[in-house]
Amino acid sequence: MYCDYLVQILTARVYDVAQETPLESAPNLSKRINNQLLLKREDMQSVFSFKLRGAYNKMANLPPDLLKQGVIASSAGNHAQGVALAASRLGTKAIIVMPVTTPQVKVNAVKARGGEVVLHGNAYDDAYGYARKLEAEKGLTFIHPFDDPHVIAGQGTIGMEILRQYQKPIHAIFIAIGGGGLISGIAAYVKRLRPEIKIIGVEPVDSDAMSQSLKAGQRVRLPQVGLFADGVAVREVGEETFRLCQEYVDEIIVVDTDATCAAIKDVFEDTRSILEPAGALAVAGAKLYAEREQIANETLISVACGANMNFDRLRFVAERAEFGERREAIFAVNIPEKPGSLRQFCECLGDRNLTEFNYRIADTQEAHIFVGVQIGNRADAVSIVEKFEANGLKTIDLTDDELTKLHLRHMVGGHSQLADHELLYRFEFPEHPGALMKFVGSMSPDWNISLFHYRNNGADYGRIVVGIQVPPDEMNEWQKFLNSLDYRYWDESQNPAYKLFVG
């Protein structure tokens, strides 16, 4: 059915609950990327995200009898708050099905706005399926988080505001993509009035359903998604949003976790506000685009679409932001175990600031040093390696090694003469109550755990690294065990950092 989105957006009912958010300059970041970067501050809405626009517009357009019966929605958090607030304003009830991995701050916010929360499944799609089941059982109206013309039109009012607030030339607008409702609404409006403005979507590298779908020419369902940017953790984009993105979106950029964390820090330094990972994707995309295209003195706009951040994730964000900005590099350096070697090592570093330094004697001939160094850019890291190697110090750059960044940097010095037949594996599992103990309980009691490291990073997947002593004649049983797991895993037994510092 044809929908004139220009008319729908111009007549959308959003301002009963939404405010026209400011379009603010990010002066420090603009200077660094040599372009004017403006932030559309949707994180300043009463629910700290843009989602209330589409939810309210959809519900305000329901027939009175359906609205009276109540509504149901599935959401990783931000849409849930929009639906709960809209239901409260419109005098009806709302049931929200949320994944069990949803940050507690979002669960509490939905309850505070009068929504009834049901936790089900480990990802959005699990919650979606259960919500559709409850919809039929209870006779409620489902409020889709993205694949609905009224929802899309509600989000499109952001594009209307941008063009009204900034009437000078705009090079590109950067927008995070989950299911595609936000970018579809903005693009449908902007491209009708200012087709020269580029519309660029931004997705996490591990949740890039729209990017893959556009490349394939049809909707692609991802087998799994990363949950760090939980607000965009969607396995399959909508039918209508896919159609609109095919028509209007110029490009999609994918960014990694480190770049997202760096963008969170960038926005904080300019605004003293803390975006959630999904809310910072557009900023990360704008930075990558400006660097890649080598543009200067252009106006770029990033939609800062949400700020529902779990406080306990800030430690992880702060740690990884330095890598995302290439402000820190980490190395494994071998030096002779003899007097004067450490001095030679320090002379190679010169006056650079160290962020980390770990060493433990473990060999009579050679010492292994784990060191973090502040750098200005990636070229600095290359020059440091060259300096070490020129002085006869064998060096491995570990800056991009995930095992090192997540685990080994906290475990350096863990060599053991007792760890015979040790295998080292990384595992990843959806973070929910009991998941860790379920994993441990599934291990064979005949295999000794010789190393174990686990860090809880909020609503992300739980990540552990395990050293397990498996006799060579039991490797077939070990492989059967791995095959029986529902968890992702990586064999790190040959990882050079593991061999140097732990194995």
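Below: a short report on this structure.

Conventions used here
Residues numbered from 1 in each chain as written. Predicted model: local features only at pLDDT ≥ 70, side-chain atom pairs only at ≥ 80, totals over all residues. Heavy atoms only, no water. Pairing = 2+ DSSP bridges. Helix = DSSP H or I, 4+ residues; strand = E, 2+ residues; numbered from the N terminus. Contact = heavy atoms within 4.5 Å. Axes fitted to C-alpha atoms, helices over the stretch in contact; angles between N-to-C directions. Buried < 20%, exposed > 50% of the residue type's maximum accessible area, 1.4 Å probe, protein only. Arc of directions from axis to C-beta.

So, about the sheet that holds strand S6 (residues 141-142). Within the open sheet, the four strands sit side by side as S5-S4-S3-S6. Their pairing is parallel. Edge positions in the open sheet fall to strand S5 (116-119) and S6, since each of these has one partner strand only. Two elements, strand S3 (residues 71-74) and strand S4 (residues 94-98), share four bridges in a ladder whose sense is parallel. Its bridge partner lying in S4, Val 71 is registered against Ala 94. The strands touched by helix H7 (residues 124-138) within the sheet are S3, S4, S5 and S6, with S3 carrying the most contacts at an inclination of about 165 degrees.

Glancing now at helix H19 (residues 475-484). Buried within H19 are the following residues: Trp 478, Phe 481 and Leu 482. Viewed end-on, H19 has its buried residues packed into an arc of 100 degrees, placing them on one side of the element. Of the exposed residues in H19, the ones pointing more than 90 degrees away from its buried face are Asn 476, Lys 480, Asn 483 and Ser 484.

On to the environment of Gly 217, then. You can see Gly 217 is positioned in the loop between helix H10 (209-216) and helix H11 (239-248). When the C-alpha atoms of Gly 217 and Gln 246 are compared, they prove to be 8.4 Å apart, with 29 residues separating the residues in sequence. Beyond its immediate chain neighbours, meaning those up to four positions away, Gly 217 contacts Phe 242 and Gln 246.

Taken across its eight residues, strand S15 (residues 422-429) has eight buried, putting it largely inside the fold. Burial along S15 is two-sided: the residues Glu 422, Leu 424, Arg 426 and Glu 428 and Leu 423, Tyr 425, Phe 427 and Phe 429 are all buried. Taken together, the eight bridges between S15 and strand S17 (residues 462-469) define a ladder with antiparallel strand orientation. In the sheet register, Arg 426 faces S17, and the bridge partner there is Val 465. Summarising the sheet, S15 and strand S18 (residues 488-491) pair through four bridges and their orientation is antiparallel. Its bridge partner lying in S18, Arg 426 is registered against Trp 490.

Moving on, we come to unusual backbone geometry. Positive phi, close to 65 degrees, is recorded for Asn 34, a residue that is not glycine. Mapped onto the secondary structure, Asn 34 falls in the loop between helix H2 (27-33) and strand S2 (36-41). Since its relative accessible area comes to 44%, Asn 34 is described here as partly exposed.

Read these as spatial facts, not as claims about activity.
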